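# Structural description and commentary
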Amino acid sequence: MTIRIVIAGPRGRMGREAVALVQQTDHFELAAVIDRRYDGQNLAEIDGFSGVNAPIYTDAARCFAEVKPDVLIDLTTPEAGKRHTELALRYGVRPVVGTTGFTPEEIERLTKLAEEKEIGAIIAPNFAVGAVLMMKFARMAAKYFTDVEIIELHHDQKLDAPSGTALKTAQLIAEVRPSKKQGHPNEKETLAGARGAEYDGIPIHSVRLPGFVAHQEVIFGGNGQTLTIRHDSFDRRSFMSGVKLAVETVMHLHTLVYGLEHILE
Ligand SMILES: NC(=O)C1=CN([C@@H]2O[C@H](COP(=O)(O)OP(=O)(O)OC[C@H]3O[C@@H](n4cnc5c(N)ncnc54)[C@H](O)[C@@H]3O)[C@@H](O)[C@H]2O)C=CC1
Ligand SMILES: O=C(O)C1=N[C@H](C(=O)O)C[C@H](O)C1
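Report on the accompanying structure. If you're wondering where the values come from, they're calculated on a predicted model, not measured in any experiment.

For the rest of this paragraph, the subject is empty space enclosed by the protein. Take a probe with the size of a water molecule and roll it over the atoms, and the empty space left behind shows itself. Taken as a whole and assessed by the stated rule, the structure comprises 1 cavity of 30 Å³ or more. Counted as a void, the largest cavity has a volume near 40 Å³. In this structure, the largest cavity is lined by Asn-126, Ala-131, Met-134, His-154, Thr-165, Ala-214, His-215, Gln-216 and His-231. Put simply, the parts of the chain that give the lining of the largest cavity at least two residues each are helix H5 (129-141) and strand S10 (214-222). Looking at the lining of the largest cavity element by element, the count peaks at 3 residues for S10. For the lining of the largest cavity, a count of residues per class yields 3 nonpolar, 6 polar and no charged.

Strand order in the open sheet made by the 5 strands is S8-S9-S7-S10-S11, with mixed pairing throughout. Two strands bound the open sheet, and with one partner strand each, they are strand S8 (197-199) and strand S11 (225-233). Shown here is a sheet whose adjacent strand axes are inclined to one another by a mean of 20 degrees, direction ignored. Bridge count for S8 against strand S9 (residues 202-208) is 3 bridges, and the pairing is antiparallel.

On to the nonpolar core. Counting residues in hydrophobic clusters, the biggest one holds 57 residues, and the most contacted among them are Leu-43 and Phe-220. If you tally residues by element for this core, the top one is H5, at 6 residues. Each of domain 1 (1-122 + 235-260) and domain 2 (128-182 + 190-233) contributes no fewer than three residues to this core.

Before going further, it helps to examine the packing of helix H1 (residues 13-24) against helix H7 (residues 240-250). Helix packing geometry: the angle between the two helix axes and the distance between the axes. Contact pair H1 / H7: the axes reach a minimum separation of 10 Å and the direction vectors enclose 60 degrees. Our classification of the angle between H1 and H7 gives oblique. Our pair here, H1 against H7, has a crossing hand that is right-handed. Counting all contacts with H1, which are made through Met-14, Glu-17, Ala-18 and Leu-21, the residues of H7 involved are Met-240, Val-243 and Lys-244. Of the residues contributing to the contact of H1 with H7, the split by class is 5 nonpolar, no polar and 2 charged.

About the thresholds
- Residues numbered from 1 in each chain as written.
- Chains lettered and ligands numbered in written order.
- Predicted model: local features only at pLDDT ≥ 70, side-chain atom pairs only at ≥ 80, totals over all residues.
- Heavy atoms only, no water.
- 1 Å grid on protein atoms, 1.4 Å probe; cavity = no way out; pocket = protein on both sides within 12 Å on 5 of 7 lines; lining within 4 Å.
- Points joined across faces, edges and corners; volume = space filled by probe spheres on them.
- Helix = DSSP H or I, 4+ residues; strand = E, 2+ residues; numbered from the N terminus.
- Nonpolar A, V, L, I, M, F, W, Y, C, P; charged D, E, K, R; others polar.
- Pairing = 2+ DSSP bridges.
- Axes fitted to C-alpha atoms, helices over the stretch in contact; angles between N-to-C directions.
- Core = buried A, V, L, I, M, F, W, Y, C linked by side-chain atoms within 4.5 Å.
- Buried < 20%, exposed > 50% of the residue type's maximum accessible area, 1.4 Å probe, protein only.
- Domains from an automatic or database assignment.
- Parallel < 35°, antiparallel > 145°, perpendicular 65-115°, else oblique.
- Left-handed = near helix turned anticlockwise from the far one by under 90°.
- Contact = heavy atoms within 4.5 Å.

None of this, on its own, says anything about what the molecule does.
Printed below as a string of structure tokens:
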């Protein structure tokens, strides 16, 4: 069966890779794209997309109503991603969302909407298999090491901090370790922010520099030892096998799944 897909954000760093993935996959069809510009034109007319036939919409609701795709792949911005995901669910289109910057409350609200509509949805802060394993290993290690800090390193064009991956890693660790305040009880920041942000007592440090793509270290500390779990994405193609799996899987779901770890065998 051919899966008819709409991509939101096709001209972005991730969107371009997703367009290539859909073009290369026999059972995927690019039904349309949602962009901020070029309404009514065809993607084939845009620089760098020669031969890629897909109508461009700037209005997501009109796109879903007219094109009636099976799946939306959203790779945009936190604000647009939330709007597109909600609209997709309302129009019966299954969202596969790579866009990050959703709060736990927003994910909960979208989960309820998906259940109400009895439609599948996947929100995955990281589609790279190695990153999913890093998160799983971190959750395993947290049973044995209760002191942990997360350092995530990304390119300097990233809009959200901390990264969706860092937040998800902290949530997975918080599921298995008792909440605790780390460091010295009397520690004091002499420069605000020196100890990073905190999720359930877990410090998260965000580095933004040109040269990076997407990287994360989870550092555990214990008596006389540390354990570092690190993942590096050097190329955005690292995310595409996860996007493909998510598109195929979302067709069989009736609820929202948050995190690729729930669908990886
Ligand atoms: N889940 C994962 O594995 C990954 C997720 N990401 C996330 O994906 C998102 C996109 O990342 P990048 O491609 O690096 O960003 P980017 O800035 O290169 O691309 C975003 C694209 O979205 C478009 N856009 C913005 N508002 C729009 C709207 N209202 N309608 C349609 N298009 C709109 C922009 O024009 C731009 O082309 C970010 O939230 C990022 O954190 C990035 C890499 C991996
Ligand atoms: O913006 C990015 O680039 C990435 N965003 C995701 C995140 O916030 O975790 C995934 C990956 O780290 C790349």
